Amino acid sequence: MKRYCLALDLVDDEKLIAEYEAYHVNGWPEIKRSIIDSGILDMQIYRVSNRLFMIMETKDDFSFDKKALMDASNPKVEEWEKLMWKYQQALPFANPGEKWVLMKNIFQLNA
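Asks: So what exactly am I meant to see when it comes to the overall build of the protein chain here?
Replies: A count of helical and extended segments in the protein chain gives 4 helices and 5 strands. If you list the helices and strands of the protein chain from N to C, you get β-α-α-β-β-α-α-β-β. Relative to a compact globule of 111 residues, whose C-alpha radius of gyration would be 13 Å, the protein chain shows 14 Å and is just as compact. Dimensions of the protein chain, computed from C-alpha atoms along their principal axes, come out at roughly 40 × 35 × 30 Å. Across the 111 residues of the protein chain, 31% fall into the buried class. Taking contacts inside the protein chain between residues at least 6 apart in sequence as the whole, the part at least 24 apart equals 70%. Accessible surface computed for the protein chain: about 7,700 Å², of which carbon and sulfur atoms make up 55%. With 15 positive and 18 negative side-chain charges, the protein chain shows a spacing of 2 Å between the two charge centroids.

Asks: Help me understand the pattern of salt bridges, please; the structure alone is not making it clear to me.
Replies: Between side chains of opposite charge, a pair can form as their charged atoms come close. A full pass over the atoms with the stated rule returns 9 salt bridges. Notably, a salt bridge pairs Glu57 with Arg3, separated by 2.6 Å at the nearest N-O pair. Taken together, the residues span a long stretch of sequence, with Glu57 in strand β3 (residues 51–58) and Arg3 in strand β1 (residues 2–10) at a distance of 54 residues. Two residues, Glu79 and Lys76, come together in a salt bridge whose shortest N-O distance is 3.4 Å. Of this pair, Glu79 and Lys76 both sit in helix α4 (residues 75–84), separated by 3 residues, roughly a single helical turn. Because the salt bridges share partners, they merge into one network encompassing Lys15, Glu19 and Lys86.

Asks: Is there a simple way to explain a nonpolar patch on the surface in this structure?
Replies: A cluster of nonpolar side chains, contributed by Ile106, Phe107 and Leu109, occupies part of the molecular surface with about 440 Å² of accessible area. As for its placement among the helices and strands, Phe107 is situated in the segment after β5 (101–102). On the basis of relative accessible area, Phe107 is assigned to the exposed category, the value being 63%.

Asks: Explain the pairing of β1 here, please?
Replies: Consecutive residues of a regular strand have side chains that alternate between opposite faces of the sheet. Of the pairings in the sheet, the one linking β1 to β3 comprises 8 bridges and is antiparallel in character. Each residue of the ladder has a partner; that of Lys2, found in β3, is Thr58. Of the strand pairs in this sheet, β1 and β5 are connected by 2 bridges, and their pairing is antiparallel. Looking at the pairing, Ala7 lines up with Val101 of β5. Sheet topology note: the β1/strand β4 (residues 88–89) ladder contains 2 bridges and is antiparallel. Bridge pairing links Asp9 to Gln89 in β4.

Conventions adopted
Residue positions are given per chain, counted from 1 along the sequence in the order it is written. Confidence filtering applies because this is a predicted model: local features only for residues at pLDDT of at least 70, side-chain atom pairs given and counted only at 80 or more, and all residues used for totals across whole chains, interfaces and linings. The basis for every side-chain value is the complete set of non-hydrogen atoms in the structure, without hydrogens or water. In DSSP terms, a helix is any run of H or I states spanning at least four residues, a strand is any run of E spanning at least two, and both are numbered starting from the N terminus. Computation of the radius of gyration draws on C-alpha atoms, with the globule rule given as 2.2 Å multiplied by the number of residues to the power 0.38. Any residue under 20% of the maximum accessible area for its type is buried, any over 50% is exposed, and the rest in between are partly exposed; the area is computed with a 1.4 Å probe on protein chains only. In what follows, a contact means two residues having at least one pair of non-hydrogen atoms within 4.5 Å. Residue exposure ignores everything except the shown protein chains as possible cover, and the areas themselves are Shrake-Rupley values with a 1.4 Å probe. Two residue types count as positive, namely Lys and Arg, and two as negative, namely Asp and Glu; His and chain ends fall outside the count. Taken as the charge location is NZ of Lys, CZ of Arg, CG of Asp or CD of Glu. Whenever Lys or Arg places a side-chain nitrogen within 4 Å of a carboxyl oxygen from Asp or Glu, that contact is recorded as a salt bridge. Residues enter patches when their relative accessible area tops 30% and they take part in no salt bridge; the joining distance is 9 Å for like charges and 5 Å for the nonpolar side chains Val, Leu, Ile, Met, Phe, Trp and Tyr. When DSSP finds two or more bridges between two strands, those strands count as paired.

Rendered as structure tokens:
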């Protein structure tokens, strides 16, 4: 199993942040299915202010490139991603079009 941690910012607006969280209470079943089908075993998203932190645990053969190809061919995922951009904003140092930015692990207690 692999673990990835990613970060993203939300638009700093309390009403929009509340809407964003409401979308994630149950989520769309098609989105949950696409996450599982890509090899993600568990996913958690945390928020502090307008900063999001995602933890993903995946199968060993998980690939971000493979997931991106799967997402691009799934109209429901494309619809979800377009909707989420209403609430999300790229981190200041992100590449153009980049949403979630992979974080570097700098400490591990039990290495």
